[in-house]
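Per-entry structural report
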2 protein chains.
Amino acid sequence: MPDVGLVQTQYFTFAHPPDTFELECGARLGPITVAYETYGRLNSSGDNAILVLHALTGDAHVAGKRSPEDRKPGWWDPMVGPGRPLDTERYFVVCSNVLGGCYGTTGPSSTNPTTGRPYGLDFPIITIRDMVRVQRVLLEHLGVKRLVTAIGGSMGGMQALEWGVNYPDFLASIIPIATSGRTSAQGIAYNAVQREAIYMDPGWEGGNYYGRPGPQKGLALARMIGTITYKSDVSWSFKFGRARNGSLEDLYKLEGRFEIENYLHYQGRKLVERFDANTYLYLTKAIDLHDVGRGHPSYAEALGRISCPCLAIGISTDILYPPYQVKEIAEILQKQGRPAKYAELNSPYGHDAFLIEFDKLGAIVKEFLAEIS
Amino acid sequence: MPDVGLVQTQYFTFAHPPDTFELECGARLGPITVAYETYGRLNSSGDNAILVLHALTGDAHVAGKRSPEDRKPGWWDPMVGPGRPLDTERYFVVCSNVLGGCYGTTGPSSTNPTTGRPYGLDFPIITIRDMVRVQRVLLEHLGVKRLVTAIGGSMGGMQALEWGVNYPDFLASIIPIATSGRTSAQGIAYNAVQREAIYMDPGWEGGNYYGRPGPQKGLALARMIGTITYKSDVSWSFKFGRARNGSLEDLYKLEGRFEIENYLHYQGRKLVERFDANTYLYLTKAIDLHDVGRGHPSYAEALGRISCPCLAIGISTDILYPPYQVKEIAEILQKQGRPAKYAELNSPYGHDAFLIEFDKLGAIVKEFLAEIS
């Protein structure tokens, strides 16, 4: 199947004059720039759009390449394109970098108009709901009248759920994947220790590290911890087992490494090259605050607002958002007579399976979209 | 049931002159002091002894109190005493702090006889097998001719297995709990990020921090990470859920905390007060190096040396040493005609269940000991 070809990230700025956009925490923010990409064409009635929602360290670059020299295409390339599950012959696919991000959308590393310097910790606390409200403004700007679906995994799935709860009339469906309607204690715990790793690094400097290297070790350690939770015990055993890096003598040193350790360090280094530590703090905090029930009489009643079809997809070996948490969403909706379904992606790859198992995931998504449209 | 009453930690020193004890890594160490406690009386034939083996941050103080003012008894108190599962009316129970430890047995914080200063990183890399060989010397010193059983959870279970592999004739049985015969890639990964947290702390100073505060933040973070893995998603949800610490306004701050975060910080602080960071590095490394198959033709053949009855106990919700890893030990032994059994402790508490579920664990252990003796 052909891919989407070359794409460019675009930018949209709103909330002029400054401080016109009120956040859930009560603070006001503006102007807000949103980085986004689109694939396919919006039809004249504006109702063939699909919104793709990225996870913690993702960006707007879902599919295709930005230049022919790019080594890799976007992060969900096999899912988006002509004839692919999110078929660009049929749908207008949109993805934007989230509020608080570091890939072009306003976040802690953006310039604070009141000081002329990066926000750093002056950036207000943002929530998943805030991200979704910004996306709503973007879609209006693009002329989208109604979404065929809002789809995403992990933090992306949280956004899909908030979409369903907040804008039920704007949606024909939602597809939350490997996620939860409210972050669990264990989920918070894993995020908390990752933030602590960043705080601990003297290079963090209270968030005022811009122009200097910043908390490279802390961010790398945060990513190393996160990486463990993104796969599964069985996949780590299969991929690395007890393979060693170096000789047996090296192993009898504190600094000797098994292959799994080397891999975690590699993942840590890679993220440091491409991600802002303060954004890591703010987005993990947004995940911790995630609870679609906030401001509603109850969690179940909040979910009950999702009147459109919902396909909740769990991953069998996910330890971060265990499948029971995803299944529970569908069950709560079904109890209220809502058209919700649960599907389980059977995979050894753990949480990350939604970024790996494209054949299985694509088939599930394709079937659901055929049903609802 | 009565408890064991007041106990005192005792000390035994061997390997005079220095450097007479050869470690698995090839380095020589000595003198070696071992801190230990005993409960009950050794019989005249010296064959009623039980060796209890502690986990990562444990010590020799298994049961009873050291003074009437002690707030808490030893870490496995409900398991050891008159009429308790390890019945001190019948058995002579011994527990020693492991080699490399910081509770009286020679470790990185002990004085290096060649320099007159703490070893720090001059301490050689030790293995689970080295720990067991030191215990063997202690038992000889105490006049023990044969063990009724060697029992322990987590790192203690690794020692029980090495006991079975290395001294099959010295044992009537072993009881490894919530452990593995060879540490998995995921197990190594969790230990690696914890060590990294200590390395990252400028207070670590390459291990030469004695006389100064040392890597308090790093050790606390290591413990916070470890703590997540010692329980289970379901137990965290049950104990803390999304309960907040402080007001909703506090929550909309980066430093705002959920109760689970507060609890992790508390666990971190508590460990810093009582544990040496270098010992944390050396013992987690020993766990990573743990593979009973090392030096044997194969893993299965090494396990096959365990000719005595083996009761391998897994914990249903253990994410650190998932039950399949414990069950596998019994299965490999059974295939070789060895008298091995697997029992599963059904508990929501995860890995730590062997330190919590005393009624369930006690019943399993008691039944097994009645069978073999």
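Small disclaimer: the values here were computed from a predicted structure and weren't measured. (Residues numbered from 1 in each chain as written. Chains lettered and ligands numbered in written order. Predicted model: local features only at pLDDT ≥ 70, side-chain atom pairs only at ≥ 80, totals over all residues. Heavy atoms only, no water.)

Looking at the interface of chain A and chain B
Often, the extent of an interface is quoted as the loss of accessible area on bringing the components together. Counting from both sides, the interface comprises 58 residues of chain A and, opposite them, 58 residues of chain B. Summing both partners gives a buried area of about 4700 Å² for chain A against chain B, and 69% of it is carried by carbon and sulfur. Here chain A is connected to chain B by 4 salt bridges. Residues A:E261 and B:R195 are paired through a salt bridge, measuring 3.0 Å at the closest nitrogen-oxygen approach. Seen at the junction of chain A and chain B, the total is 23 residue pairs in polar contact (both at pLDDT 80 or more). If you list the elements that add at least two residues to the side of chain A that touches chain B, you get α3 (185-200), α4 (216-230), α5 (233-239), α7 (259-274), α8 (277-289) and α10 (323-335) of chain A. Per-element accounting of the side of chain A that touches chain B gives the leading share, 12 residues, to α3(A). Its residues placed into classes, the side of chain A that touches chain B shows 31 nonpolar, 13 polar and 14 charged. (Contact = heavy atoms within 4.5 Å. Buried area = accessible area lost by both parts, 1.4 Å probe. Salt bridge = Lys/Arg side-chain N within 4 Å of Asp/Glu carboxyl O. Polar contact = N/O pair within 3.5 Å; in protein donor to acceptor, adjacent residues only side chain to side chain. Helix = DSSP H or I, 4+ residues; strand = E, 2+ residues; numbered from the N terminus. Nonpolar A, V, L, I, M, F, W, Y, C, P; charged D, E, K, R; others polar.)

Thoughts on the sheet that holds strand β4 (residues 32-39) of chain B
Sheets are built from strands paired through backbone hydrogen bonds, the pairs being either parallel or antiparallel. All names here are of chain B. Sheet architecture is open: 8 strands sit in the order β1-β4-β8-β5-β9-β10-β13-β14, paired in mixed fashion. Of all strands in the sheet, those bounded by a partner on one side alone are β1 (10-14) and β14 (340-345). Averaged over all pairs of adjacent strands, the angle between strand axes in this sheet comes to 20°, irrespective of strand direction. As paired elements, strand β10 (residues 174-177) and strand β13 (residues 310-315) share 2 bridges and run parallel to each other. Within the sheet, the bridge partner assigned to I177 lies in β13 and is I313. Here helix α10 (residues 323-335) sits on the sheet in contact with β13 and β14, set at roughly 165° to β14. (Pairing = 2+ DSSP bridges. Axes fitted to C-alpha atoms, helices over the stretch in contact; angles between N-to-C directions.)

Remarks on the domain arrangement of chain A
All names here are of chain A. Partitioning chain A into domains gives domain 1 (10-183 + 293-372) and domain 2 (189-284). For domain 1 versus domain 2, the separation of C-alpha centres amounts to 26 Å. Overall, the association of domain 1 and domain 2 removes approximately 2200 Å² of surface from exposure, summing both partners, and the carbon and sulfur fraction of that is 67%. Linking domain 1 with domain 2 are 1 salt bridge. Among the salt bridges present, the one from K231 reaches D352, with a minimum N-O distance of 3.5 Å. For the pair domain 1 and domain 2, the number of links is 10 residue pairs in polar contact (both at pLDDT 80 or more). Partitioning the side of domain 1 that touches domain 2 into residue classes produces 19 nonpolar, 8 polar and 2 charged. (Domains from an automatic or database assignment.)

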